Amino acid sequence: MIFATVGTQLPFHRLLLALDTWAALNPSVQVVAQTGRTSASYNHMRTFPQMDQRQFAETVARARVVVAHAGMGTILTALETGKPLILMPRRADLGEHRNDHQIDTAAEMASLSNVTVAADTQALCTALNRAMSMPPVQAGRGADVAPPQLIEAVRSFIWADQYPQARP
Amino acid sequence: MTVSIPLLSTRRPASRAAATPRPRRILAVASGGGHWVQLMRLRPAFAQAEVHYATVDRSAAEIVAPAPVHLYPDANKDTPLRLALAALTLAVIVLRVRPDVVVSTGAAGGYLAIRFARLLGARTLFIDSIANARELSVSARLSQKVADLVLSQWPAVARATGAAYRGAVL
């Protein structure tokens, strides 16, 4: 299942239309979307104007890939689970937000290995296809590990008083 | 879970062999959801140590088996009664485990465990959740007053708050 969220405040037709199109081309994959208030209808996705926090967290937990606008509030739950996260920032020049701060947020998040930033609908579909070709993340099963830099920092903290030279 | 008063007999001998490394006991603390997921990603760092886990979700036990798992009630600053109960439970857990090192990925329970473990002389590390990309969590800020090391997973947050940055779990 793919879960898309564009928050609950502003519509984001560009993202949702791209995803609806992708869903039409990939009928074997279920797509669930939190759309916010919108007058548009999407025929190939299961849509919710707004989810409560619990439903939101459960849907993220079930999702194989999360697609989101680059709003901090909505992407944090996805980030914490380590699920593949595709971010498409809203653009002020297309009337998708008041300013371009989501482009900055997305750029910041792009340093994380599970995050892909898609500037347009074509990039979004490419990223989605690539994410779906990867093996699914088993949240909480401990199959995935942090990068070596952090592992080494924690390990040397644990042993630092026995090997003082290893103190981080 | 059963709550028992720690007995003197559970203490380890006071003598410490300085030359040869002795088994190192870690208490790894994380509340549910993303905090636990992030702790799991750090497991390779615990190799060669004896690890006890403390968390809020019973189903965590099968993930880390055969390592012992201690449970405490999930709580935050908006649930003061449960928070007091969590504090009490974590105090008992810390007394029973007597860790050399406490590592936590949050949230409130991690801070509480660190506070108690400091009283017993343990070395303590709090790693703030990757979700805190703009500022430290309340638990991380409180931990800065007591923990040996507090890490942020975001360089900019680390710079602004005096926390350290050693990379992120993702």
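Residues numbered from 1 in each chain as written. Chains lettered and ligands numbered in written order. Predicted model: local features only at pLDDT ≥ 70, side-chain atom pairs only at ≥ 80, totals over all residues. Heavy atoms only, no water.

- As recorded by an unreviewed UniProt entry, chain B carries the name UDP-N-acetylglucosamine--LPS N-acetylglucosamine transferase and is attributed to Neotabrizicola shimadae.
- The Subcellular location (unreviewed entry) comment attached to chain B in UniProt states, word for word, "Endoplasmic reticulum membrane". (UniProt positions renumbered as here; feature names shortened; annotations may be inferred.)

- The name given to chain A in an unreviewed UniProt entry is Glycosyltransferase family 28 protein, with the source organism recorded as Neotabrizicola shimadae.

## Section: the pairing of strand E2 (residues 50-55) of chain B
All names here are of chain B.
- Of all six residues making up E2, five are buried, and the element is well covered by its neighbours.
- Relative to E2, strand E1 (residues 25-29) runs parallel, the two being bridged by five bridges. Residue pairing for E2: valine 29 is matched across the bridge by alanine 54.
- Handedness of the crossover is the feature at issue here: the chain leaves E1, passes through helix H1 (residues 34-40), returns alongside E2, and the resulting connection is right-handed. (Buried < 20%, exposed > 50% of the residue type's maximum accessible area, 1.4 Å probe, protein only. Helix = DSSP H or I, 4+ residues; strand = E, 2+ residues; numbered from the N terminus. Pairing = 2+ DSSP bridges. Right-handed = clockwise from strand over helix to strand, strands pointing away.)

## Brief notes about the sheet that holds strand E5 (residues 85-88) of chain A
All names here are of chain A.
- Taken together, the six strands give an open sheet; going across it, the order is E3-E2-E1-E4-E5-E6, and neighbouring strands pair in parallel fashion. Two strands bound the open sheet, and with one partner strand each, they are strand E3 (46-48) and strand E6 (115-117). Neighbour-to-neighbour, the strand axes of the sheet open up by a mean angle of 20°, direction not taken into account.
- As paired elements, E5 and E6 share three bridges and run parallel to each other. Counted as the bridge partner of leucine 85 is valine 115 from E6.
- Contacting strand E4 (65-69), E5 and E6, helix H4 (residues 101-109) runs over the sheet at an angle of about 155° to E5. (Axes fitted to C-alpha atoms, helices over the stretch in contact; angles between N-to-C directions. Contact = heavy atoms within 4.5 Å.)

## Quick word on the interface of chain A and chain B
- Taken together, the contacts link 35 residues of chain A with 41 residues of chain B.
- Between chain A and chain B, roughly 3400 Å² of surface is buried when both sides are summed, and carbon and sulfur atoms account for 64% of that area.
- When the buried area of chain A at its contact with chain B is split by residue, Glu80, Phe157 and Ile158 of chain A rank highest and sum to 21% of it.
- Here chain A and chain B share one salt bridge between them.
- Salt-bridge contacts for arginine 134 of chain B lead to glutamate 108 of chain A; the nearest nitrogen and oxygen are separated by 3.5 Å.
- At the junction of chain A with chain B, the criterion picks out five residue pairs in polar contact (both at pLDDT 80 or more).
- The leading source of residues in the side of chain A that touches chain B is helix H6 (residues 148-159) of chain A, at nine residues.
- Of the residues in the side of chain A that touches chain B, the class split is 18 nonpolar, ten polar and seven charged. (Buried area = accessible area lost by both parts, 1.4 Å probe. Salt bridge = Lys/Arg side-chain N within 4 Å of Asp/Glu carboxyl O. Polar contact = N/O pair within 3.5 Å; in protein donor to acceptor, adjacent residues only side chain to side chain. Nonpolar A, V, L, I, M, F, W, Y, C, P; charged D, E, K, R; others polar.)

## Comments concerning the sheet that holds E2 of chain B
Residue and element names in this part refer to chain B.
- One open sheet holds the seven strands; their spatial order is E3-E2-E1-E4-E5-E6-E7, and the pairing between them is parallel. The open sheet has two free edges, formed respectively by strand E3 (69-71) and strand E7 (164-165), since each of these has just one partner strand.
- Looking at chain direction, E1 and strand E4 (residues 101-104) are connected through four bridges and run parallel. Across the sheet, the residue bridging to leucine 27 is valine 102, located in E4.
- Against the sheet, helix H4 (residues 108-119) makes contact with E1, E4 and strand E5 (123-127), and its axis sits at roughly 165° relative to E5, the strand it touches most.

## A short note on the packing of aromatic side chains
- Scanning the entire structure with this criterion turns up two aromatic pairs over all chains.
- A ring pair is formed by phenylalanine 3 of chain A and phenylalanine 56 of chain A, whose centres lie 5.4 Å apart and whose planes are at 75°; its orientation type is edge-to-face. Here phenylalanine 56 of chain A lies in helix H2 (residues 53-62) and phenylalanine 3 of chain A lies in strand E1 (residues 2-5), a separation of 53 residues in the sequence. Per residue, the accessibility class of phenylalanine 3 of chain A equals that of phenylalanine 56 of chain A, and both read buried.
- Ring centres 5.8 Å apart and planes at 65° place the aromatic pair tryptophan 36 of chain B and tyrosine 53 of chain B in the edge-to-face group. Placement of tryptophan 36 of chain B in helix H1 and of tyrosine 53 of chain B in strand E2 is noted, with a sequence separation of 17 residues between them.
- The side chain of arginine 123 of chain B reaches across the aromatic face of phenylalanine 157 of chain A, ending 4.3 Å from its centre. (Phe/Tyr/Trp six-rings, centres within 6.5 Å; stacked < 30°, edge-to-face > 60°. Lys NZ or Arg CZ within 6 Å of the ring centre and 35° of its normal.)

## Some words on the pattern of salt bridges
- Applying the stated criterion to the full structure yields six salt bridges over all chains.
- Put simply, arginine 91 of chain A and aspartate 93 of chain A hold a salt bridge, and the shortest N to O gap is 2.9 Å.
- For aspartate 93 of chain A, a relative accessible area of 57% translates into the label exposed.
- A salt bridge links glutamate 50 of chain B to arginine 25 of chain B, with the shortest nitrogen-to-oxygen separation between them at 3.3 Å. Placement of glutamate 50 of chain B in strand E2 and of arginine 25 of chain B in strand E1 is noted, with a sequence separation of 25 residues between them.
- Residue classification places glutamate 50 of chain B among the partly exposed residues on the basis of a relative accessible area of 33%.
- The class for arginine 25 of chain B is buried, based on a relative accessible area of 16%.

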